[in-house]
Each structure stands twice: as C-alpha cells, then as structure tokens.
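# Examination of the molecular architecture
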Amino acid sequence: MARTTPGVRLLPNAITVLALCAGLSAVQFALVGQHVLAIGAIGVAAVLDSLDGRIARLLDATSKMGAELDSLSDAISFGVAPALVLYIWLAEAGRLGWVAALIFAVCIVLRLARFNTLLDDTEQPPYAGEFFVGVPAPAGGLLVLLPVIVTLQFGEGWWSSQAAVWLWTVAVAGLLISRIPTLSLKKLRAPAKAVAPLLVGVGLVAAAIIQYPLIALIAALLLYLVHIPYSVHRYRWLAKHPEAWDVPPRERRAIRRARSQRRLGLRRPQFRRVAGAARRAVLRPRAAQHVPRVYPPEVTAPPSRVSTRGPRRRNWRRIGLRRSD
C-alpha cells in the first residue's frame, strides 16, 4: 500500500489555513466599508472548510492536529468574523449589539466543542452520521449575515433595524447550540443516472452566482431554513424504523410507502398485468360457492335473464370450436 508523502499530507492543513485567512479578511473588508467582499470572504471560507476534511480523507492524511486546527479556524471564520462584520455594519449598535455579537461567538465555540466530543461517541445509532446536531458552523456564519445580504440587495427595511438584526443574531445562536437535527451532505450519494442532471444543475447554480450573487445566496439560505422541518421529520422516522437504518434510499422509500399503505388500510393489487377477460374469469365466483335461487313455478329462469328474443345462439368462439362453413 502506497504511503502518503509529507507534502501531500500538508495539503488539507494548508486549505484550513486559507479558510482562516479568508474569514479574517472579512473583518478587514468590513472595516473599510466593503460589505459585499466581506460576505464573499466568509462564503469562500465556508467552501474551503467543506473541502479540507474530504481531501484529508481521500488522501488518508487525517490527523489530530488537523482536526484541532479546523475547529480553531471555524471558530474565527464563522464565529468571530461574522459577529464583527455585523457590529461594524451597524455603526450605532451600542452595548446591546456588542452583547448579541458576543452571544453568537460564544455559541459558535460551544457548538464546535460539542461536535468534537460527539466524534468519539460510540453509542450513537447508525443513522446519526447522516445528521448534524444543530446548525453547523459554516451555515450559522452565513445565516447570521442574512440581514446584511438582504439590505445590500433590496435596501433598508424592517430587516435592517437594530432590534431585528440582534434578535435574528440571538435566534441563529440558539439554532447553533440546539439539538435540532440537520442534514449532512457527507454521506450523500448520487445515483449514476443523476450525474448528468446534477452537472447541469451545478452549471446553472454557478451562472446564477456569477450574475446574481446576493440573490442566489439569499435563496440558498432560505432553502436551508426550509429544509430543517424535513430534516427533523426524517430523523424521527428513522428513529422509529430500525429496519431502514442500513438500507439504501430506494429501499427506504419502499418501506415508507408500504407503511403509508398499511396506515390508510390499502392493499396492494393482486393482479398487475391481467387482461380484461382473464380478470373477469378470475374475479368470477366459484361454482362451489354459488347458492342457487328458488323461483316461483311459473318462472323457469331468473327475471333478469328471461329472454324474449327466442333461443339463444351458441357462442362457438367461447366454447373453443370453429363453425363449419
């Protein structure tokens, strides 16, 4: 087995340092009044943070130092930097604004500390790896800047008032340290048939980010907020169905569909591809279960079957014979 060279093992840590530099640069951009660049720097830090861990696992270059460096970088890039950007953006924030910024930074650090402790927890259920506990740090660092992004795109409004901004900051801080499960993209696997549509979607997203960066970021953050109820529902469903823990998504959908049919009292059809005549023959009651009816003496046949057209002709096709010419 080939060993990873020291230079390659340094690559994930170098990406983490770049993410740290991007987060700190956001503060410098905010100090000179370039808030769009500040938001872009934090977005770049989030992208780099999502890459360093995956590259480390691919190169087999994971280390304890890299994990500690990643946590420290996240604390600065997504905790300290967004809090300072908000405080600088509201020039007259005052003491209440500084308190809200401190609360957000502290909650980011607490969230990262809990994440590191959960990595060594071996008593978690198998499906726990598909979820984060609370909102992850990169998403929280971008969500807290949503009032700034909306103001830069649409102008000032109720969302840019000091009370609304700091209430939103405290609410996002609460999501960071909450126990709400959110979906993790680490174990997401795309089927082979969906590769081409996904590539087309990536191209469309890239075009939207280039042409309308702030609108695309607002839509992505709102979509992330909308996904939280679905994530909670999925987590609770998996907790109640142990048979779906170790199966692929297709089988999970089949289990969910079968459960819903049982709940509604529906039964699966017994005959999927049966012709009309064969279906009538199958659904026809058996002769042993047929109970003959007794009619009055003057009626020799059931009233509904009394024919006034004379003798009924035989259906040679039904009998299976061909009529001679």
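Residues numbered from 1 in each chain as written. Predicted model: local features only at pLDDT ≥ 70, side-chain atom pairs only at ≥ 80, totals over all residues. Heavy atoms only, no water.

### Brief notes about the overall build of the chain
What the chain contains, in helices and strands, is 12 helices and two strands. Ordered by position in the sequence, the α and β elements of the chain form the string α-α-α-α-β-α-α-α-β-α-α-α-α-α. For the chain, the residues scored as buried account for 30% of the 325 residues in total. At a minimum sequence separation of 6, the contacts of the chain that also span at least 24 residues come to 77%. Summed over all atoms, the accessible surface of the chain reaches about 22,900 Å², with 63% contributed by carbon and sulfur. (Helix = DSSP H or I, 4+ residues; strand = E, 2+ residues; numbered from the N terminus. Buried < 20%, exposed > 50% of the residue type's maximum accessible area, 1.4 Å probe, protein only. Contact = heavy atoms within 4.5 Å. Areas by Shrake-Rupley, 256 points an atom, 1.4 Å probe, with all protein chains shown as cover.)

### Here we look at the packing of helix H4 (residues 94–118) against helix H7 (residues 162–176)
Here H4 crosses H7 at 15 degrees, and the two axes come no closer than 9 Å. When the axes of H4 and H7 are compared, the pair comes out roughly parallel. In the crossing of H4 with H7, the sense of the turn from one axis to the other is left-handed. Here Gly97, Ala100, Ile103, Phe104, Cys107, Ile108, Arg111 and Arg114 of H4 lie close against H7, whose contacting residues are Trp166, Thr169, Val170, Val172, Ala173 and Leu176. Its residues assigned to classes, the contact of H4 with H7 comprises 10 nonpolar, two polar and two charged. (Axes fitted to C-alpha atoms, helices over the stretch in contact; angles between N-to-C directions. Parallel < 35°, antiparallel > 145°, perpendicular 65-115°, else oblique. Left-handed = near helix turned anticlockwise from the far one by under 90°. Nonpolar A, V, L, I, M, F, W, Y, C, P; charged D, E, K, R; others polar.)

### Observations concerning the nonpolar core
One finds Leu86, Phe104, Val135, Leu145 and Trp166 to be the most contacted residues of the largest nonpolar core, which totals 48 residues. Here this core gets seven residues from one element, more than from any other, and that element is helix H2 (residues 35–58). Excluding residues within four positions of it along the chain, Phe104 makes contact with Phe78, Gly79, Pro82, Ala83, Gly140, Gly141, Val144, Thr169, Val172, Ala173 and Leu176. Membership of the second largest hydrophobic core comes to six residues, among which are Tyr127, Phe131, Trp237 and Leu238. (Core = buried A, V, L, I, M, F, W, Y, C linked by side-chain atoms within 4.5 Å.)

### A word on H7
An α-helix turns once per 3.6 residues; consequently, residues spaced three or four apart project the same way. The end-to-end C-alpha distance of H7, which contains 15 residues, comes to 21 Å, matching closely the 21 Å that a straight helix rising 1.5 Å per residue would cover. Among the residues of H7, those classed as buried are Val165, Trp166, Thr169, Val172, Ala173 and Leu176. Along the axis of H7, the buried residues cluster in a sector spanning 120 degrees; they form a single face. Turned more than 90 degrees off the buried face of H7, the exposed positions are Ala163 and Leu167. Buried residues along H7 sit in contact with helix H3 (64–89), H4, strand S1 (131–133), helix H5 (137–143) and helix H6 (146–154). (Expected span 1.5 Å × (residues − 1). Arc of directions from axis to C-beta.)

### Some words on the side chain of Asn13
Topologically, Asn13 is positioned in helix H1 (residues 6–31). By relative accessible area, Asn13 is classed as buried at 17%.

### Section: the UniProt feature "transmembrane region" (unreviewed entry) in the chain
Those residues carrying the UniProt feature "transmembrane region" (unreviewed entry) are residues 7–26, 72–90, 96–119, 131–152, 158–177 and 198–226 in this numbering. Across residues 72–90, helical content stands at 95% and strand content at 0%; the span's end C-alpha atoms are separated by 26 Å. Across residues 198–226, the secondary structure splits into 97% helix and 0% strand, with the terminal C-alpha atoms separated by 21 Å. (UniProt positions renumbered as here; feature names shortened; annotations may be inferred.)

### Overview of the packing of H2 against H6
The axes of two packed helices give the description: the angle between them and the distance between them. Packing of H2 against H6 leaves a shortest axis separation of 11 Å and a crossing angle of 135 degrees. Put simply, H2 runs oblique to H6. In the packing of H2 onto H6, the handedness of the crossing is left-handed. Of the residues in H6, those touching H2 at His35, Val36 and Ile39 are Val148, Ile149 and Leu152. Taken together, the residues that form the contact of H2 with H6 break down as five nonpolar, one polar and no charged.

### Structural notes on a nonpolar patch on the surface
A cluster of nonpolar residues, Tyr87, Trp98 and Leu102, forms a patch on the protein surface that exposes about 270 Å² of accessible area. Residue position: Trp98 is located in helix H4. For Trp98, a relative accessible area of 37% corresponds to the partly exposed category. (Patch = residues over 30% accessible without salt bridge, like charges linked within 9 Å, V, L, I, M, F, W, Y side chains within 5 Å. Salt bridge = Lys/Arg side-chain N within 4 Å of Asp/Glu carboxyl O.)

### Things to note about the side chain of Ser160
Mapped onto the fold, Ser160 is located in the loop between H6 and H7. Given the relative accessible area of 14%, Ser160 is considered buried. A distance of 2.7 Å separates a polar atom in the side chain of Ser160 from the backbone oxygen of Gly157. Residue contacts for Ser160: discarding those within four places in its chain leaves Trp89, Leu90, Thr151 and Val165. (Polar contact = N/O pair within 3.5 Å; in protein donor to acceptor, adjacent residues only side chain to side chain.)

### Here we look at the confidence of the model for the chain
Predicted coordinates in areas of low pLDDT are best not read in detail. In the predicted model, the chain carries a mean pLDDT of 78, and the fraction of residues at 70 or more is 72%. Put simply, helix H11 (residues 276–283) is where the chain has its lowest mean pLDDT, 45, and H6 is where it has its highest, 93. Long-range and interchain partners of residues 271–289, a stretch whose pLDDT sits below 50, account for two contacts in this model, where long-range means more than four residues apart. pLDDT under 50 marks residues 304–308. Its contacts with residues more than four places away, or in other chains, come to one contact. (pLDDT = per-residue confidence, 0-100.)

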